[in-house]
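# Inside the fold
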Amino acid sequence: MALRVYNTLTGEKEHFVPLVPGKAGMYVCGVTVYDYCHIGHARANVVFDIIFRYLTYAGYDVTYVRNYTDIDDKIINRANQEGVDYRTIADRYIQAFDEDMARLGLAKPTVEPKATDHIGDIIAIIETLIAKGHAYASEGDVYFAVETFPAYLKLSGRNLEEMQAGARVEVGEKKRNPMDFALWKGSKPGEPWWQSPWGQGRPGWHIECSAMSMEFLGKTFDFHGGGKDLIFPHHENEIAQSEAANGCQFVRYWLHNGFVNINSEKMSKSLGNFFTIRQVLDKFDPETLRFFILSAHYRSPIDFSDQNLDEAQAGLERIYACLAAMDEILDGRPTSAELPTVESLPPSGEELSEKIRLLIPRFVEAMDDDFNTAQALGVLFETVRASNRFLAETGEYSPVALSLIAQIRRLFTETGNVLGLFARRPADWLAGIQAAKAGQIDISADEIERLIVERSEARKARDFKRGDEIRDMLLAKGIQLLDSPQGTSWKVK
RNA sequence: GGCGGCGUAGCCAAGUGGUAAGGCAGAGGUCUGCAAAACCUUUAUUCAGCGGUUCAAAUCCGCUCGCCGCCUCCA
């Protein structure tokens, strides 16, 4: 039982061996705060949230750093458009990001540094690079000279000559090589700036991540994550800067999540098939979105569509319904701390007992295999089925049965905590889903309750015709009645 | 053109050498006055196609077909 992770750098799954035993350092590229986050950001952040949680669950003392890039061309452009200071834009979207991530149930990283709080560190690295001959100043800018770093492009597996051959790279006159990239940009009038040895300016994109990761995690650390699209140029450039400056390996395991497609098409602003997290959460429950993201492996592409989200919600409802049933049984009843003995249980109890015994090992096995959340969810669904069966077949709850139910309930809390799921009280979550659906029907809850009473009276009088009439009428309006020995409840279909 | 990935049931999706998880949808059954919910059973002799390696392949190798991503800001 050992964690294996797919490392983009080697293209293979490798056993995770921490740099410092018992500890794990992880840096994930956060957002450039110039706009609201879209569902691609949602996926990336949920994925790394799970990785963070799982590493912690696996016993590592994790330092998780996720930055805000709060100075960049796009932020400046946006500020100019609106006629406000860049800081206004950055702060607004930092706040929006925090709100979105909180709604998606993300755990807070250990540190969430901002690029602009590390300008001094950035300048220090650039000075080192210049001193070592890896960078050069040119008319107020500073560029990294890619030819001085032989390992350049080792992450993306490209080579310099071919990239230049098909070059869509503009040949900046200030650059010696078109592939050189900016470490520092001289500021134009009206732009935000910081004082530097090369005049007033601001950091280029990429260098802030080198500076912040080094500050909080050291020159070499375990994990660096981000979307696949960051492999080139962002991560490639980070490697070049950091390794050239420090003379040692930068990151040991590179992790990259796959893209989100929309209705099987690449998501892009130009296609107009672009959804912000806020737009999606107007329509779907945040936990449903998270569950949907976890239903596929993090490196695979995932297709966002109403149908797929609806299916995810149906699956999540199944689990929550099972948990709600357990909670109802456990509510107010004392449970024995003793483990039930198998001899005293019916066959479905023995099966459940076995599922309980294997749940954590199987869950861990799935997660240890490159964070295979889809497989982990499969394990949970099998447990749901065994639980439902046990509940359905058990009429009277003996102390042993209650203990078993309590135990399985605790395991759902434990695994749910790793996946960021099932934190809500199941009855409340289900009620929330019902309420959301109820917004789409044209009949009030009071009216439904009144009809249910009328129906049960009719049924008591054995007037089934009238009773069925009411049931069918409600069904036509999308209301599904659920009869049980305790009475009749309803839900929106 | 260069680099990389994918193709598993109606749909979504695990599975990297040992004989196809799970979810959704569907069908039959138990329950029910009849239903619904829940539960049970069932739905891929087969993993795009063709060859090869092997005692054994969805899994490894080669070729073909189809789809996609990156190479420009991007999670």
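Residues numbered from 1 in each chain as written. Chains lettered and ligands numbered in written order. Predicted model: local features only at pLDDT ≥ 70, side-chain atom pairs only at ≥ 80, totals over all residues. Heavy atoms only, no water.

## Some thoughts on the pattern of salt bridges
Note on pairing: side chains with opposite charge can pair once their charged atoms come close. If you walk through the whole model with that rule in mind, you get 38 salt bridges. Glu382 is the salt-bridge partner of Lys355, the closest N and O atoms lying 3.1 Å from each other. Here Glu382 lies in helix α12 (residues 373-393) and Lys355 lies in helix α11 (residues 347-368), a separation of 27 residues in the sequence. On the basis of relative accessible area, Lys355 is assigned to the buried category, the value being 19%. Residues Glu447 and Arg450 are paired through a salt bridge, measuring 3.3 Å at the closest nitrogen-oxygen approach. Within this pair, Glu447 and its partner Arg450 are both found in helix α15 (residues 445-460), separated by 3 residues, close to a single helical turn. The network of salt bridges with common partners includes Glu447, Arg450, Glu454, Lys465, Arg466 and Glu469. (Salt bridge = Lys/Arg side-chain N within 4 Å of Asp/Glu carboxyl O. Helix = DSSP H or I, 4+ residues; strand = E, 2+ residues; numbered from the N terminus. Buried < 20%, exposed > 50% of the residue type's maximum accessible area, 1.4 Å probe, protein only.)

## Some words on the packing of helix α10 (residues 306-330) against helix α13 (residues 399-419)
The geometry of a pair of packed helices is captured by two quantities: the angle between their axes and the separation between those axes. Contact geometry of α10 with α13 gives a least axis separation of 10 Å together with a crossing angle of 135 degrees. For the element pair α10 / α13, the angle class is oblique. Along this stretch, α10 crosses α13, giving a crossing that reads as left-handed. Across the interface between the two elements, Ile319, Leu323, Met326, Asp327, Ile329 and Leu330 of α10 pack against Leu402, Ile405, Ala406, Ile408, Arg409 and Phe412 of α13. Considered class by class, the residues forming the contact of α10 with α13 number 10 nonpolar, no polar and 2 charged. (Axes fitted to C-alpha atoms, helices over the stretch in contact; angles between N-to-C directions. Parallel < 35°, antiparallel > 145°, perpendicular 65-115°, else oblique. Left-handed = near helix turned anticlockwise from the far one by under 90°. Contact = heavy atoms within 4.5 Å. Nonpolar A, V, L, I, M, F, W, Y, C, P; charged D, E, K, R; others polar.)

## Overview of the domain arrangement of chain A
According to the domain assignment, chain A contains domain 1 (4-282), domain 2 (305-424) and domain 3 (441-492). Put simply, the middle of domain 2 and the middle of domain 3, counted by C-alpha atoms, are 31 Å apart. (Domains from an automatic or database assignment.)

## Things to note about the packing of aromatic side chains
The final tally for this structure, using the stated rule, is 25 aromatic pairs. Measuring from centroid to centroid gives 6.2 Å for Tyr54 and Phe371, while their planes differ by 85 degrees, and the two rings are edge-to-face. Here Tyr54 is found in helix α1 (residues 39-57), whereas its partner Phe371 is found in the loop between α11 and α12, with 317 residues between them in sequence. Per residue, the accessibility class of Tyr54 equals that of Phe371, and both read buried. Note on Tyr86 and Trp194: the rings are 6.1 Å apart at their centroids and 75 degrees apart in plane angle, and the pair reads as edge-to-face. Taken together, the positions of Tyr86 in helix α3 (residues 86-103) and Trp194 in the loop between β7 (181-186) and β8 (201-203) put the pair 108 residues apart, joining distant regions of the chain. Under the relative-accessibility criterion, Tyr86 is labelled buried at 12%. Through pairs of rings, three or more aromatic residues link up here, namely Tyr54, Tyr57, Tyr298, Phe363 and Phe371. For Arg176, the ring lying beneath its charged end belongs to Tyr136, and the centroid distance is 3.9 Å. Between Arg299 and the ring centre of Tyr6, over which it is positioned, the NZ or CZ distance is 4.0 Å. (Phe/Tyr/Trp six-rings, centres within 6.5 Å; stacked < 30°, edge-to-face > 60°. Lys NZ or Arg CZ within 6 Å of the ring centre and 35° of its normal.)

## A word on helix α2 (residues 73-82)
For α2, every residue scored as buried is listed here: Ile75, Ile76 and Ala79. Projected down its long axis, α2 shows its buried positions confined to an angular sector of 100 degrees, all on one face. When the buried face of α2 is taken as reference, the exposed residues oriented beyond 90 degrees from it are Asn80 and Gln81. Contact partners of the buried residues in α2: β3 (23-32), β4 (61-69), α3 and β8. One side-chain oxygen at the N-terminal end of α2 lies 2.7 Å from the backbone nitrogen of Lys74; it belongs to Asp72. (Arc of directions from axis to C-beta. Polar contact = N/O pair within 3.5 Å; in protein donor to acceptor, adjacent residues only side chain to side chain.)

## Looking at the sheet that holds strand β6 (residues 141-144)
Strand order across the open sheet formed by 4 strands is β5-β6-β7-β8, with antiparallel pairing between neighbours. Edge strands, defined here as strands with exactly one partner in the open sheet, are β5 (135-138) and β8. On average, each strand axis in the sheet is tilted by 20 degrees relative to the strand beside it, whichever way the strands run. Examined bridge by bridge, β6 and β7 share 3 bridges and lie antiparallel to one another. The partner of Tyr143 across the bridge, within β7, is Ala182. (Pairing = 2+ DSSP bridges.)

## Here's the deal with the protein's contact with RNA strand B
Around RNA strand B, a shell composed of 50 residues is seen, among which Lys74, Trp205, Gly227, Asn388 and Arg389 lie nearest. In RNA strand B, atoms within 4 Å of the protein come 65% from sugar and phosphate. Within the side chain of Arg385, a nitrogen or oxygen atom sits 3.2 Å from a phosphate oxygen of RNA strand B. Interatomic distance of 2.5 Å between a side-chain N/O atom of Asp468 and a base nitrogen of RNA strand B. Those elements that place two or more of their residues in the surface near RNA strand B are α1, α5 (160-165), β9 (221-227), α10, α12, α16 (464-476) and β14 (479-484). Looking at the surface near RNA strand B, its residues break down into 15 nonpolar, 20 polar and 15 charged. (Near = heavy atom within 4 Å.)

## Let's talk about unusual backbone geometry
In this model, Phe232 is joined to Pro233 through a cis peptide bond whose omega is 0 degrees. Tracing the backbone through its elements, the reader meets Pro233 in helix α7 (residues 231-246). With a phi close to 80 degrees, Leu153 is a non-glycine residue in the positive phi region. Here Leu153 is to be found in the loop between β6 and α5. For Leu153, a relative accessible area of 2% puts it in the buried group.

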